[in-house]
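Spelled out, the chains give:
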Amino acid sequence: VSVRRVLVVEDDPDSRSALVALLGSWGCVAKGAASVPGALALLDDGYQPEAAVVDFRLPDNATGADAVRILRERIAPDFPAVIVTGDAGIADRLRDSGLTVMVKPVRPIQLRAFLSQSFTRVQGSR
């Protein structure tokens, strides 16, 4: 099994480091960014994530939906990404628009299932 790379876009430093640590404990090489520009800087530095976990509320009035759109423009139209939000109403609207969403608090088993599906899909497209 190859090493899996996961990008975490989360403006809360504690949440971001907890998520990066969790992903690391699963054998992923996870990198965190506090914002969309931060995430793009990681890509510019050569980091090539295979999936992303993105908070809905980001700095500078950006949303997780904006982040996913920008990442898909840069990486691939079907780049696997999940948006995490504490707002169930927003979650329903995002799902209706075709995005993958998890409502906080996200259970690790949910996240692991999403990543397993994503990595299987990525592998199948190679």
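Cut-off values and rules
Residues numbered from 1 in each chain as written. Predicted model: local features only at pLDDT ≥ 70, side-chain atom pairs only at ≥ 80, totals over all residues. Heavy atoms only, no water. Buried < 20%, exposed > 50% of the residue type's maximum accessible area, 1.4 Å probe, protein only. Helix = DSSP H or I, 4+ residues; strand = E, 2+ residues; numbered from the N terminus. Pairing = 2+ DSSP bridges. Lys, Arg positive; Asp, Glu negative; His and termini not counted. Salt bridge = Lys/Arg side-chain N within 4 Å of Asp/Glu carboxyl O. pLDDT = per-residue confidence, 0-100.

Draft legend 1. Just the pairing of strand β3 (residues 51-55), in detail. Taken across its five residues, β3 has five buried, putting it largely inside the fold. With burial as the criterion, each face of β3 is covered, one bearing Ala-51, Val-53 and Asp-55 and the other bearing Ala-52 and Val-54. In terms of strand pairing, strand β1 (residues 4-9) meets β3 through four bridges, oriented parallel. If you follow Val-8 over to β3, its bridge partner there is Val-53. Sheet topology places β3 next to strand β4 (residues 81-85); four bridges connect them, and they run parallel.

Draft legend 2. Summary view of the side chain of Arg-16. Here Arg-16 lies in helix α1 (residues 13-25). Of the side chains bearing the opposite charge, Glu-10 lies closest to the buried Arg-16, which forms no salt bridge; the N-O distance is 6.3 Å.

Draft legend 3. Broad picture of the confidence of the model for the chain. Of the residues in the chain, 94% have a pLDDT of 70 or more, and the chain-wide mean is 93. Helix α5 (residues 108-124) is the least confidently modelled element of the chain, averaging 86 in pLDDT, while helix α2 (residues 36-44) averages 98, the highest of any element.

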